[in-house]
Amino acid sequence: MTEPLTLLPAVDVRDGKAVRLKQGESGSETDYGSPLEAAYAWADAGARWIHLVDLDAAFGTGDNRAILRKITDRLGDMVHIELSGGIRDDDSIKSALDSGASRVNIGTAALENPDWTASMIGMYADKVAVGLDVRGHTLAARGWVKEGGDLLETIDFLNTVNCARYVVTDVTRDGMMSGPNLELLREVAQHTSAKVTASGGISSLNDLRAIRTLADEGVDSAILGKALYARAFTLQEALDATQ
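For every chain, the first residue of the written sequence is number 1, and numbering continues from 1 onward in sequence order. Local features in this predicted model are restricted to residues of pLDDT 70 or higher, and side-chain atom pairs are both shown and tallied only at a pLDDT of 80 or more, whereas totals for entire chains, interfaces and linings draw on every residue. Hydrogens and water are ignored here; the side-chain numbers use all heavy atoms of the structure.

Here we look at unusual backbone geometry
Thinking step 1. Residues other than glycine seldom take positive phi values, yet N162 does so here, at roughly 65°.
Thinking step 2. Under the DSSP-based scheme used, a helix requires at least four consecutive residues in state H or I and a strand at least two consecutive residues in state E, with every element numbered from the N terminus. Within the element layout of this structure, N162 appears in the loop between α7 (151–160) and β10 (165–170).
Thinking step 3. Despite not being glycine, R231 shows a phi value in the positive range, around 60°.
Thinking step 4. For every residue, the accessible area (1.4 Å probe, protein chains only) is compared with the maximum for its type, and the residue is labelled buried under 20%, exposed over 50%, or partly exposed between those bounds. Looking at R231, the relative accessible area reads 75%, which means it is exposed.

In C-alpha cells:
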C-alpha cells in the first residue's frame with residue numbers, strides 16, 4: 001500500500017508578517033497577517049509538519065528569528081517544524097535546531113559552500129534537508145536572484161555525503177497555482193535514494209494525488225502554500241485526498 005503523503009503547510013515570514021510570493025520574487029508579497037496565528041491554524045487543522053520560512057534572512061534583508069523561535073516554542077509539542085531561510089553557518093543551524101525545529105532546510109549555502117553543507121549533513125544527518133530551487137536544470141541561489149550551477153551535478157555531490165532529503169521547487173511555478181512539475185520531481189527522485197519533498201505550483205487536490213503517484217520513487221511529502229491561503233482547498237480536504 002502506498003504511504004500517505006506528508007503535507008507541510010508553509011508559513012513564509014517577511015517583515016514580521018505571513019506572506020506569499022509569486023515565483024519567489026521580492027516585492028510580490030501578499031500579506032496574510034500573523035505568522036503565529038497562521039501556524040496555529042494549520043496545527044489545529046491537522047498538520048503534523050509546518051514549513052516555516054524566514055524570507056528576510058533568505059533575501060539578506062534582515063531576519064525574523066525572534067518570531068520563528070516564538071512559533072517553534074509555542075507549537076513544537078504539537079507539530080514538527082521545518083525551518084528554512086538564512087541557514088548558512090554553524091550558528092544559524094544550531095540556533096534553529098536548539099529552538100526545537102525537527103529539521104532545517106539549507107538552500108543557498110548548499111550551493112555556495114558545499115563543504116560546509118557536507119559537514120552539517122555529517123553532523124546532523126536527517127535533521128538537514130537541502131533545498132533545490134530550479135529553473136530548468138539550473139539551480140537558483142541567494143533568494144533565487146543568482147544562478148547556482150547544474151541540478152544533477154549538485155545532487156551527485158550531495159548523494160556522496162548522504163544527504164537524506166531534497167526539497168525540490170520549480171521556481172517558475174512557485175506561488176503561481178500552475179501545477180507541480182512532476183517530470184522534475186520524478187527526475188530528481190530517480191537520481192537519488194534520498195527522500196524528496198515537492199514544492200511549488202500545487203493548485204488542486206488532483207495535483208496532490210498526482211504527486212502521490214511518485215511515492216514509490218521516493219517523493220513522500222509536499223509543501224502547501226498559495227493553494228491553502230487562496231482557499232483552493234482546505235488542509236483537511238488535502239489530508240483526506242492523500243491518505
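Quick look at the pairing of strand β12 (residues 219–224)
Thinking step 1. Across the six residues that make up β12, a large majority, five, are buried.
Thinking step 2. The pairing of strand β11 (residues 195–199) with β12 spans four bridges and is classified as parallel. Among the inter-strand pairings, V196 is bridged to a residue of β12, identified as V219.
Thinking step 3. A right-handed crossover is one whose linking path, passing over the helix from the first strand to the second, runs clockwise when the strands point away from the viewer. For the crossover that starts at β11, traverses helix α9 (residues 205–212) and ends in the parallel β12, the hand is right-handed. Here a strand pair is declared whenever DSSP counts at least two bridges between the two strands.

Focus: helix α4 (residues 90–98)
Within an α-helix, residues lying three or four positions from one another point in the same direction, as the helix has 3.6 residues per turn.
Thinking step 1. Of all the positions in α4, only S92, I93, A96 and L97 are classed as buried. In an axial view of α4, the angular spread of the buried residues amounts to 125°, which keeps them on one side of the axis. Residues of α4 that are exposed and angled more than 90 degrees away from the buried face: D91 and D98.
Thinking step 2. Whether two residues touch is decided by their heavy atoms; if any such pair falls within 4.5 Å, the residues are in contact. Buried positions along α4 lie against α3 (65–75), β5 (80–84), β6 (103–106), α6 (114–124) and β7 (128–135).
Thinking step 3. Two residues or fewer after α4 comes G100, characterised by a positive phi angle close to 115°. By definition, the arc is the one covered by directions from the helix axis to the C-beta atoms.

Thoughts on the environment of I202
Thinking step 1. Locating I202 in the fold gives a position in the loop between β11 and α9.
Thinking step 2. Judged by its relative accessible area of 8%, I202 falls in the buried class.
Thinking step 3. For the pair formed by I202 and I223, sequence separation is 21 residues and the distance between their alpha carbons is 8.4 Å.

Here we look at the pattern of salt bridges
Oppositely charged side chains are able to pair whenever their charged atoms sit close together.
Thinking step 1. For this analysis, a salt bridge means a side-chain nitrogen from Lys or Arg found within 4 Å of a carboxyl oxygen belonging to Asp or Glu. Summed over the entire model, instances satisfying the criterion amount to five salt bridges.
Thinking step 2. Between R103 and E82 there is a salt bridge; the shortest N-O distance is 2.7 Å. In this pair, R103 is assigned in strand β6 and E82 in strand β5, connecting sequence segments 21 residues apart.
Thinking step 3. Relative accessible area serves as the criterion here: at 8%, R103 is assigned to the buried category.
Thinking step 4. For the salt bridge of E217 with R186, the shortest nitrogen-to-oxygen distance reads 3.8 Å. Of the two residues, E217 sits in the loop between α9 and β12 while R186 sits in helix α8 (residues 182–190), which places them 31 residues apart along the sequence.

A closer look at the side chain of T117
Thinking step 1. Looking at the secondary structure, you find T117 in helix α6.
Thinking step 2. According to the relative accessible area criterion, T117 is buried, its value standing at 0%.
Thinking step 3. Not counting chain neighbours up to four residues away, the residues in contact with T117 comprise I106, A109, A110, V130 and L158.

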